[in-house]
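# Structural overview for review
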Amino acid sequence: MSHMSFQPRGAEVTADADYIVIGSGAGGAAAAVTLARAGAGVLIVEAGPWRDPEDYASSTYGALRDMMDDWGSTITMGRALWPVVQARLVGGTTVINSAICVRTPADIFEEWQQGHGVGAPAYAERIWAWQDMLESELCVAETGPEAMGRSNQLALKGDAAAGYDGHVIKRYAKGCVGSGQCLQGCRSMKKQSTNLNYVPETLMRGGSILSCAPVDKILFDGSKAIGVTGRFLHPQTRAKGAPFSARAKLGVIVAASATWSPVILRQSGLTHKAVGAGFRSHPGTGVFGVYDEPVDMNTGVTQGWASTRFRKDPGLKLETLSIPMEMAISRLAGGGRALMERIAGYRHIAMWVHALRARSVGRVDVGWTGRPVVRFGLDEADMRRFREGMWRVAQLHFAAGAREVIPGIVGLPYSLGPKEVDAIATGPLDPRNYVAILSHLFGGCTMGADPSRSVCDGDGRVHGRDRLWVADASLMPDNIGVNPQHTIMAMAMEVATGALRGGPCP
Amino acid sequence: MVPLIRSAMCDLLPAAGGLPGVHDTGITAFLTQLRRETTSLTWVGLCLGAVLYALTPVLTIGVPLPSFMLSPERRDRHANGITNTQIYLLRQAVVLLKMYACMCWGQDANVRRHFQIAPYPADPGTFRASS
Ligand SMILES: Cc1cc2nc3c(=O)[nH]c(=O)nc-3n(C[C@H](O)[C@H](O)[C@H](O)COP(=O)(O)OP(=O)(O)OC[C@H]3O[C@@H](n4cnc5c(N)ncnc54)[C@H](O)[C@@H]3O)c2cc1C
Ligand code: SF4
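Residues numbered from 1 in each chain as written. Chains lettered and ligands numbered in written order. Predicted model: local features only at pLDDT ≥ 70, side-chain atom pairs only at ≥ 80, totals over all residues. Heavy atoms only, no water.

Now for the interface of chain A and chain B. Listed per partner, the contact involves 59 residues of chain A and 50 residues of chain B. Across the interface of chain A and chain B, roughly 4,500 Å² is buried in total on both sides, 57% from carbon and sulfur atoms. In this assembly, chain A and chain B are joined by three salt bridges. In this structure, the salt-bridge partner of Arg112 of chain B is Glu326 of chain A, at a minimum N-O distance of 3.6 Å. Where chain A touches chain B, the interface holds 25 residue pairs in polar contact (both at pLDDT 80 or more). Elements that contribute at least two residues to the side of chain A that touches chain B include exactly strand 1 (3-4), helix 2 (60-67), helix 8 (325-330) and helix 9 (337-343) of chain A. The element contributing the most residues to the side of chain A that touches chain B is helix 2 of chain A, with six residues. (Contact = heavy atoms within 4.5 Å. Buried area = accessible area lost by both parts, 1.4 Å probe. Salt bridge = Lys/Arg side-chain N within 4 Å of Asp/Glu carboxyl O. Polar contact = N/O pair within 3.5 Å; in protein donor to acceptor, adjacent residues only side chain to side chain. Helix = DSSP H or I, 4+ residues; strand = E, 2+ residues; numbered from the N terminus.)

This is the structure we're talking about:
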């Protein structure tokens, strides 16, 4: 067997391997290929189906149905109900993300060392070495001017005037043609999501994968992780299929994401209060600029420009973002004829966003349906910084020549001119007045030197358990203020290397 | 429930200013497909949103009638008013209706042509079998 997809109800499917990797997204695929390159036998067990680029949906409806975890219905349980966006298919969220590649900033490791006793200078060096390798293997490059599109070009212009020290984004994409479809998956195979590289390479090196196979539990012999169990789930009908059980000779690596990894550990009997704790995020939102000339933000690369100038203070990353037209218009306020009038101007709007390095901390619990419940909200200090992010994005639009901006804040006018823009900076502090999403997630199985406050040690090994590691976003003890995929993949490769040694890194 | 959801969505996205409304973009077939394919949670959310939408003209325009019994002009005022209501959970319930209405509308080939956007190819809905 190299790939087994959904199996209807019937006899239990069994498998074995040296290592089992749960999940095939950024962390899982990076861990799996590292193990396979070292000659280990790897079985990836992935909850979602394997969709090739020709299987990808083009519409937002199709992407929600075919790629998102439970139709994108996970929301934060806090004062505001904000969507928590994650994919569920082979390749995980790398299939639907914008492939932005940012190296882990040095100050992050210093913070981890001070706050959590992990991430020493030697560790940082190894992470950067993995990132060097990832950048070359996954063809990291700046988007060429021909693929930028007008929204990104306008941001570059605004940046030159506003002095935001921005840049053309580097992405895991080879020859991006700027179709603006990253969020529905790259049908032209330019984006280097892990279903196109590290998962097939793992199989080519003798590994196997079960798809449509959500893991329910990790099996233990005493404290030693020895395998996983679950039941196949049909990705369309959601019918339960055959049970499966897989044995791992050398260990189990959990990489099911910041929301699902804590759930799997809890369901497997790890009841320590640190499991699910320390959930963090970069909540983000957009501000539309309205331009005299058509922008057609659906053309050009999905995300082509960014600024990290405000990453440390007040903790913001600014970016362009083109979302599909049907999603963009649903962000315009109002209903009825008033809404239709606003939609009529669609071609003239550009959406730019900010992501906040929020200091607020939440947790992931297991809901009564067995799905993750994400308890998270922004405190007042974070809301002030969140608001500032929107104000800075609005200022950038004006620097780029926008006639007005559409902030999308309940309680503020629908649109604001350059002289009214400070209304955003003094806008409401109630998160319910804002529409935001969480797409960068961290923690839940955090690493740390203190077993009473963390789930894993500095090598990703679960405290108090043998042969069990975590290798995804849930491992990160804090958020990082930049796009996380590059850090997650490098950390996962480091965890897998430690797992191969069977013990802690020197 | 489909007629109630459709009624709310048609109010939220009516034909206006030369643009078709969601009524003209296959909303009935869209909702039938959605009902068949989506999760119970999403469908329940849409049903709840539609019921709340129908019952709340009294809050938005002060008329104690369900939305589907209002004149077109009052329906339009209700559709705009409810998206700006101060009651958060009500606003969120309508956000879901609006989001799916926009999906149906925005994937329509005529609408896309209007905005000079290429039509979407059909979503294959396929995935790899065992190999
Ligand atoms: C819209 C969007 C855009 C983004 N853009 C960028 C970007 O441009 N650059 C960047 O750096 N980051 C980006 N991110 C974030 C980045 O994609 C994620 O941080 C990263 O993919 C997380 O990696 P992960 O391995 O933790 O989880 P994932 O990549 O989500 O992988 C987890 C995998 O585990 C599987 N799984 C879940 N439960 C189970 C189970 N029970 N059994 C088996 N398998 C299971 C899932 O199906 C999934 O395949 C974006 C995120 C989103 C949502
Ligand atoms: S913008 Fe288009 S071509 Fe470029 S990576 Fe995204 S989906 Fe692929």
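What follows continues from the structure just given.
Glancing now at the domain arrangement of chain A. All names here are of chain A. In terms of domains, chain A is made up of domain 1 (1-51 + 89-99 + 102-137 + 193-276 + 444-506) and domain 2 (71-85 + 141-183 + 278-442). Between the C-alpha centres of domain 1 and domain 2 there is a distance of 30 Å. A buried area of about 2,900 Å², summed over both sides, lies between domain 1 and domain 2, and 53% of it is on carbon and sulfur atoms. Contact with domain 2 buries area across many residues of domain 1, yet Ser98, Ala99 and Asn479 alone supply 21% of it, more than any other trio. Joining domain 1 to domain 2, the criterion identifies five salt bridges. Notably, a salt bridge pairs Arg357 with Glu111, separated by 2.7 Å at the nearest N-O pair. Linking domain 1 to domain 2 there are 18 residue pairs in polar contact (both at pLDDT 80 or more). The set of elements that each furnish at least two residues to the side of domain 1 that touches domain 2 consists of helix 3 (106-116), helix 7 (260-267) and helix 12 (485-501). It is helix 7 that contributes the most residues to the side of domain 1 that touches domain 2, five residues altogether. Across the side of domain 1 that touches domain 2, the residue classes tally to 18 nonpolar, twelve polar and six charged. (Domains from an automatic or database assignment. Nonpolar A, V, L, I, M, F, W, Y, C, P; charged D, E, K, R; others polar.)

Another point: the site of ligand 1. Residue and element names in this part refer to chain A. Taken together, 37 residues are adjacent to ligand 1, and Glu46, Thr93, Ile100, Val215 and Gln485 come closest. Measuring from an oxygen atom of ligand 1, one finds a backbone N or O atom of Ala99 at 3.1 Å. In this structure, Ile100 approaches ligand 1 through a main-chain N or O atom, which is 2.8 Å from an oxygen atom. For ligand 1, whose free accessible area comes to 1,000 Å², the fraction covered by protein is 96%. For the shell around ligand 1, the class distribution of residues is 21 nonpolar, 13 polar and three charged. When residues of the shell around ligand 1 are assigned to domains, at least three fall in each of domain 1 (1-51 + 89-99 + 102-137 + 193-276 + 444-506) and domain 2 (71-85 + 141-183 + 278-442). (Near = heavy atom within 4 Å. Areas by Shrake-Rupley, 256 points an atom, 1.4 Å probe, with all protein chains shown as cover.)

What follows deals with the packing of aromatic side chains. For the structure on display, the rule yields 14 aromatic pairs over all chains. The side chain of Arg88 of chain A reaches across the aromatic face of Trp260 of chain A, ending 5.0 Å from its centre. Positioned above the aromatic ring of Trp50 of chain A, the side-chain terminus of Arg128 of chain B is 3.8 Å from the ring centre. (Phe/Tyr/Trp six-rings, centres within 6.5 Å; stacked < 30°, edge-to-face > 60°. Lys NZ or Arg CZ within 6 Å of the ring centre and 35° of its normal.)

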